[in-house]
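A structural walkthrough
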Amino acid sequence: MSDHEELESTVAAWVLDALDADEAASIRVHVDGCATCQQTVARLRRAAASLPLEVEEISPPARLRERIYVAAAAARMSTVPSAPARKRVVPARGRWKPAAYISFGRLPALLAAASVVLALLIGLAAGNAIGRNSVPPVAAQVARYHLVGHGTLAGAKGTVINLKVEGVALVDFSGLPPLAKGKVYQLWLITPGGHPDSAAVFVPDSNGGKVVLVGLPLNGYSQMAVTTEDAPDGSPTPSQQPELYGPLA
Amino acid sequence: MELYDRYAALSYAVAMRVLGDPGRAEDVVQEAFLKIWTNAAGFDPKKGSLRTWLITAVRNRSIDYLRGRSAHERQELELQPELASTSIHSDPWHEVSLELERMAVREAVGSLPAEQRQAVQLAYFGGYSQSEIADMTHVPISTVKGRMRLALEKLSSYLLGRGLYPTDSEASP
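Scope of this entry: the structure provided in the associated data block. (Residues numbered from 1 in each chain as written. Chains lettered and ligands numbered in written order. Predicted model: local features only at pLDDT ≥ 70, side-chain atom pairs only at ≥ 80, totals over all residues.)

**Considerations on the overall build of chain B**
Selection criterion: In this description a helix means any DSSP run of H or I spanning at least four residues, a strand means any run of E spanning at least two, and both kinds are numbered starting from the N terminus. Labels follow a simple rule on C-beta atoms placed from the backbone: if 20 or more others lie within 10 Å of a residue's own, it is buried; if 12 or fewer, it is exposed; otherwise it is partly exposed. By the convention adopted here, residues are in contact when the distance between their C-beta atoms, placed from the backbone, does not exceed 7 Å.
Looking only at helices and strands, chain B features 8 helices and 0 strands. Reading the helices (α) and strands (β) of chain B from amino to carboxyl end gives α-α-α-α-α-α-α-α. Taking all 173 residues of chain B together, 44% fall into the buried category. Within chain B, counting contacts between residues at least 6 apart in sequence, those at least 24 apart form 66% of the total.

**Quick notes on the overall build of chain A**
From N to C terminus, chain A includes 6 helices and 8 strands. Reading the helices (α) and strands (β) of chain A from amino to carboxyl end gives α-α-α-α-α-α-β-β-β-β-β-β-β-β. For chain A, with 249 residues in total, the buried portion stands at 41%. Taking as baseline every contact in chain A between residues at least 6 positions apart, the subset at least 24 positions apart corresponds to 66%.

**With respect to the sheet that holds strand S5 (residues 196-202) of chain A**
Paired through backbone hydrogen bonds, the strands of a sheet run either parallel or antiparallel to each other. All names here are of chain A. So the rule is basically this: Strand pairing is assigned whenever DSSP detects at least two bridges linking the two strands. Orientation is described by axes fitted as lines to C-alpha atoms, over the contacting stretch for helices, and by angles from 0 to 180 degrees between their N-to-C directions.
With antiparallel pairing, the 8 strands of this open sheet are ordered in space as S5-S4-S7-S8-S1-S2-S3-S6. Each edge of the open sheet carries a strand with a single partner, namely S5 and strand S6 (210-214). Averaged over all pairs of adjacent strands, the angle between their axes in this sheet comes to 25 degrees, without regard to strand direction. Examined bridge by bridge, strand S3 (residues 168-174) and S6 share 5 bridges and lie antiparallel to one another. Of the residues in S6, the one forming a bridge with Asp172 is Val211.

**A short note on the pairing of S3(A)**
Residue and element names in this part refer to chain A. Extensive coverage of S3 is indicated by the burial of 6 of its 7 residues. Here strand S2 (residues 157-163) runs beside S3; their pairing, made up of 7 bridges, is antiparallel. When the bridges of S3 are listed, Gly158 appears paired with Phe173.

**Let's talk about the packing of helix H5 (residues 114-124) of chain B against helix H7 (residues 141-161) of chain B**
Helix-helix packing: each pair is described by the crossing angle between the helix axes and the interaxial distance. Residue and element names in this part refer to chain B. Cut-off, in case you're wondering: Working rule for angles: under 35 degrees goes down as roughly parallel, over 145 as roughly antiparallel, 65 to 115 as roughly perpendicular, anything else as oblique. Think of it as three bins: nonpolar holds Ala, Val, Leu, Ile, Met, Phe, Trp, Tyr, Cys and Pro, charged holds Asp, Glu, Lys and Arg, and polar takes everything else, Gly as well.
The N-to-C vectors of H5 and H7 enclose an angle of 95 degrees; their axes lie 8 Å apart at closest approach. As judged from the angle between their axes, H5 and H7 are roughly perpendicular. Across the interface between the two elements, Glu115, Gln116, Arg117, Ala119, Val120 and Ala123 from H5 touch Val144, Arg147, Met148, Leu150, Ala151 and Leu152 from H7. Across the contact of H5 with H7, the residue classes break down as 8 nonpolar, 1 polar and 3 charged.

**Comments concerning the packing of helix H4 (residues 35-50) of chain A against H7(B)**
It is the contact of H4(A) with H7(B), at a shortest axis distance of 8 Å, that shows an interaxial angle of 85 degrees. Here H4(A) is positioned roughly perpendicular relative to H7(B), judged by the angle of their axes. Side by side, H4(A) and H7(B) meet where Arg43(A), Leu44(A), Arg46(A), Ala47(A), Ala48(A) and Ser50(A) of the first sit next to Leu152(B), Leu155(B), Ser156(B) and Leu159(B) of the second. Residues that form the contact of H4(A) with H7(B) fall into these classes: 6 nonpolar, 2 polar and 2 charged.

**Some words on the pairing of strand S8 (residues 244-247) of chain A**
All names here are of chain A. Of the two faces of S8, the one holding Leu244 and Gly246 and the one holding Tyr245 and Pro247 are both buried throughout. With 2 bridges joining them, strand S1 (residues 142-149) and S8 adopt antiparallel strand pairing. Bridge pairing in S8 links Gly149 to Leu244. Pairing geometry for strand S7 (residues 223-230) and S8, over 4 bridges, is antiparallel. Bridging across to S8, Gln223 finds its partner in Pro247.

**With respect to the nonpolar core**
Looking at soluble globular proteins, one finds that nonpolar side chains tend to be buried together. Let me state the cut-off plainly: We call a set of buried Ala, Val, Leu, Ile, Met, Phe, Trp, Tyr and Cys residues a nonpolar core when their C-beta atoms link them within 7 Å.
Counting 102 residues, the largest nonpolar core has Leu16(A), Leu187(A), Ala15(B), Val29(B), Ala123(B), Met148(B) and Leu152(B) as its most contacted members. At 12 residues, the largest contribution of residues to this core is made by helix H1 (residues 2-19) of chain B. Excluding residues that lie within four positions of it along the chain, Met148(B) makes contacts with Ala12(A), Ala13(A), Leu16(A), Ala18(A), Ala119(B), Val120(B) and Ala123(B).

**Brief notes about the environment of Gly246(A)**
All names here are of chain A. Tracing the backbone through its elements, the reader meets Gly246 in strand S8. Residues Gly246 and Leu147 lie 99 residues apart in sequence; the distance between their C-alpha atoms is 4.3 Å. The contacts of Gly246, once residues within four sequence positions are left out, are Tyr145, His146, Leu147, Val148, Gln223 and Met224.

**So, unusual backbone geometry**
In this model, Ala231(A) is joined to Pro232(A) through a cis peptide bond whose omega is 0 degrees. Of note in this structure, Asp17(A) is not a glycine but carries a positive phi near 60 degrees. Examined against the element boundaries, Asp17(A) turns out to sit in the loop between helix H2 (11-15) and helix H3 (21-32). With 19 C-beta atoms counted inside 10 Å, the residue Asp17(A) sits in the partly exposed group. The backbone of His138(B) shows a phi angle near 60 degrees, a positive value even though the residue is not glycine. Counting through the fold element by element, His138(B) comes out in the loop between helix H6 (130-137) and H7. A tally of 7 C-beta atoms within 10 Å means that His138(B) is categorised as exposed.

In short, the description is geometric, and any link to function would need to be established separately.
Shown next as structure tokens:
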């Protein structure tokens, strides 16, 4: 068997990534200089690329969409300078005020907003990929803030990704302790005057993580905080001082 | 959104087939979708479809997980001409054509002799090398090579015969 015949007989194994590194390197060199083998490789690769279609589709968990959304937003903002650090303002005890208006019916709106923003992100990706659109300017469109846990939530943290243009924000929580039965976590947006507006009610997953979509602009709020409230809808006003919070600046 | 809706289930299924672990499968699918976004500038649609690119990324990263190697050790497979054109726009025929393609692939794979089907599946979905497959199936490496070659050639001929992808001349730039 000639060298060509010997190597050509290995092309299928190479296409299937079933060769060790040395063998793969040898055949790559050969294929690069052999028009016949290049045609064979192209043909067999098309066949190999069809193999995934044999698999029965499985719907991924809904949380995967959220995860990709957050990660995409984070990647998008990686080219954006961080917001300038400012003096941190911690909510002072006793500054909670009854909210004049608190919306507890936001979840459907939040989900809709999530879909819209995800569509923007994934659509942007696909659009870029096929060369239809250029990447839009991102400077000043996205900012990131951090929530830090204290007391019983000392191990918890949250990353706020503020998509300014879209008028929504994502909060990626981790390290949240399990909730007692009948309790939920409630996310609050706090004005500079100490007025809390409910932004979301949520329960973390078994690993203490959760991605929460805040379906309203963060303009006019200076802090974000989390309390533990009664399930299922939380409380119209915070019933305790927050132990996980951070500035939105 | 459309891209995710269209290919998330297939991507996840491929990752699950390789890894058998929902958590890792999610990680891999996330990486693949993000890769499309972050590497969008380097994507050349003339070389292949988003679907092929995406599923290849999912499969390769899944195998990397299995083999415990980092992604940078792998030279990504080149994009290949699509089996059928892919648009991210709404296309009522897309689902139909994809389903026809699936049926054809299943028929084609199902029609392969068991030992040939096993060889390609162990390599593609199991990430096994030809020598590992030879050990597992108690045959010489040359036999494994032959089975892989025959399986892919038959698959190619079957799909080509159904007009599901272009001939070599049509596929050329």
